[in-house]
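Architecture at a glance
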Amino acid sequence: MNENGFEGTLVLEKLAEIGKVDIFFDAIDSDDFRKATSLMKRANVDSETIATVLKKMSEADQNP
């Protein structure tokens with residue numbers, strides 16, 4: 001996936017299908033990479049997109 005073309009809405013749509021959007025945002029807010037990864041896997045998000053989301057989470061911590 002080209003990171004410049006990353007569309008986070010697609011991840012949220014998949015999470016919404018399994019009813020886990022709020023829990024996902026809680027995981028992001030608490031920097032729980034393991035929980036965020038687990039939720040995305042349960043929502044059938046592809047591994048490349050998961051890696052991009054985790055990278056963006058990490059970058060957000062470095063650039064408050």
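Refer to the structure printed above.
Described below are features of the structure shown in this document. Because the structure is a prediction, the values reported are computed rather than measured. (Residues numbered from 1 in each chain as written. Predicted model: local features only at pLDDT ≥ 70, side-chain atom pairs only at ≥ 80, totals over all residues. Heavy atoms only, no water.)

**Regarding helix H3 (residues 33–42)**
Ala36, Thr37, Leu39 and Met40 are the residues of H3 that are buried. All buried residues of H3 lie within an arc of 165° about the axis, which places them on one face of the element. Among the exposed residues of H3, those oriented more than 90 degrees off its buried face are Arg34, Lys41 and Arg42. Turning to H3, the residues buried within the fold contact helix H1 (8–17), helix H2 (21–29) and helix H4 (47–62). (Buried < 20%, exposed > 50% of the residue type's maximum accessible area, 1.4 Å probe, protein only. Helix = DSSP H or I, 4+ residues; strand = E, 2+ residues; numbered from the N terminus. Arc of directions from axis to C-beta. Contact = heavy atoms within 4.5 Å.)

**Considering the pattern of salt bridges**
Enumeration over the complete set of coordinates arrives at one salt bridge. In this structure, Glu59 engages Lys55 in a salt bridge whose closest nitrogen and oxygen atoms are separated by 3.9 Å. Pair noted here: Glu59 and Lys55 are both in helix H4, with a separation of four residues, about one helical turn. Classification of Glu59 as partly exposed rests on a relative accessible area of 30%. (Salt bridge = Lys/Arg side-chain N within 4 Å of Asp/Glu carboxyl O.)

**Some details on the environment of Glu13**
Looking at the secondary structure, you find Glu13 in helix H1. Judged by relative accessible area, which is 43%, Glu13 ranks as partly exposed.

**Some points on the nonpolar core**
By size, the foremost hydrophobic cluster in this structure holds twelve residues: Val11, Leu15, Phe24, Ala27, Ala36, Leu39, Met40, Ala43, Val45, Ile50, Val53 and Met57. Listed by contribution, the elements that provide at least two residues to this core are H1, H2, H3 and H4. (Core = buried A, V, L, I, M, F, W, Y, C linked by side-chain atoms within 4.5 Å.)

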